[in-house]
Amino acid sequence: MDIRCPISPQSTRFLDRLRSFIRLRGLAYKTEKTYVFWIKRFIRFHGRKHPESMGTAEVEAFLSHLVLQANVSVATQRVALNALIFLYREFLGTPLENLEYEAAKKPKRLPVVFSPDEARRVIDNLKGEFKLVAMLIYGAGLRINEALRLRVKDVDFGMQQLIVCEGKLTRPFRIPSCSVVFGGYECG
């Protein structure tokens, strides 16, 4: 599990001030890490120039570079754009005007889905905690982070259910009659 590193309130470093600003806004730690990653990448792309000395033209060049040279997906480009908009509009107080950049246009692909038999064969070849996590993901329909954050106290053996506390939903939810924990692969 990731733990936020402490930041000195007297720090004058740009990224420390940005992290403090993000934390004061109450954004998730994953959002903080993602925004800082893309802002660092933006700064490095422009030869470590300070973001205050850059503007719309540099943001457009960076976003176009992501598509043309780095070959990123639409979603990745959008995350980078959101990080830079946050940086300029919220943190620096200078909104970006009329951005014109090369937008990613990759065709959407259908996801590859295992048949139940293929999934069972993959799970049967796993061992230990890897097998348990795969069973939870497949049998209970958990996301990877939800499965990895489960604790013993989240398994209710009496009611045969899982209680997921730190999932995508803001409140805990229950997965009833989950035979995955009790020997099967499918959730009833």
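Residue-level account of the pattern of salt bridges, with values.
Inspection of the entire model under this criterion finds nine salt bridges. With a shortest N-O distance of 3.9 Å, aspartate 16 and arginine 19 are connected by a salt bridge. Highlighted residues: aspartate 16 and arginine 19, both in helix H1 (residues 14-24), separated by three residues, approximately one helical turn. Given a relative accessible area of 15%, arginine 19 falls into the buried group.

Can you explain the packing of aromatic side chains? Please cite residues and give values.
Taken as a whole, this structure holds nine aromatic pairs when the rule is applied. An angle of 45° between the planes, with centres 5.3 Å apart, marks the rings of tyrosine 35 and phenylalanine 86 as tilted. One end of the pair, tyrosine 35, is in helix H2 (residues 29-45); the other, phenylalanine 86, is in helix H4 (residues 74-91), with 51 residues separating them in the sequence. Judged by relative accessible area, tyrosine 35 falls into the buried class, the value being 15%. Relative accessible area serves as the criterion here: at 9%, phenylalanine 86 is assigned to the buried category.

Describe the packing of H2 against H4, and please don't skip the residues or the numbers.
Working note: a packed helix pair is described by the angle between its axes plus the distance between those axes. Put simply, H2 and H4 touch, their axes get as near as 9 Å, and they point 85° apart. Comparing the axis directions of H2 and H4 gives the class roughly perpendicular. From H2, Thr34, Tyr35, Trp38, Ile39 and Phe42 reach across to H4, where they touch Thr76, Val79, Ala80, Asn82, Ala83, Leu84, Phe86, Leu87 and Tyr88. Grouping the amino acids of the contact of H2 with H4 by side-chain chemistry returns eleven nonpolar, three polar and no charged.

Thresholds, definitions, all that
Residues numbered from 1 in each chain as written. Predicted model: local features only at pLDDT ≥ 70, side-chain atom pairs only at ≥ 80, totals over all residues. Heavy atoms only, no water. Salt bridge = Lys/Arg side-chain N within 4 Å of Asp/Glu carboxyl O. Helix = DSSP H or I, 4+ residues; strand = E, 2+ residues; numbered from the N terminus. Buried < 20%, exposed > 50% of the residue type's maximum accessible area, 1.4 Å probe, protein only. Phe/Tyr/Trp six-rings, centres within 6.5 Å; stacked < 30°, edge-to-face > 60°. Axes fitted to C-alpha atoms, helices over the stretch in contact; angles between N-to-C directions. Parallel < 35°, antiparallel > 145°, perpendicular 65-115°, else oblique. Contact = heavy atoms within 4.5 Å. Nonpolar A, V, L, I, M, F, W, Y, C, P; charged D, E, K, R; others polar.

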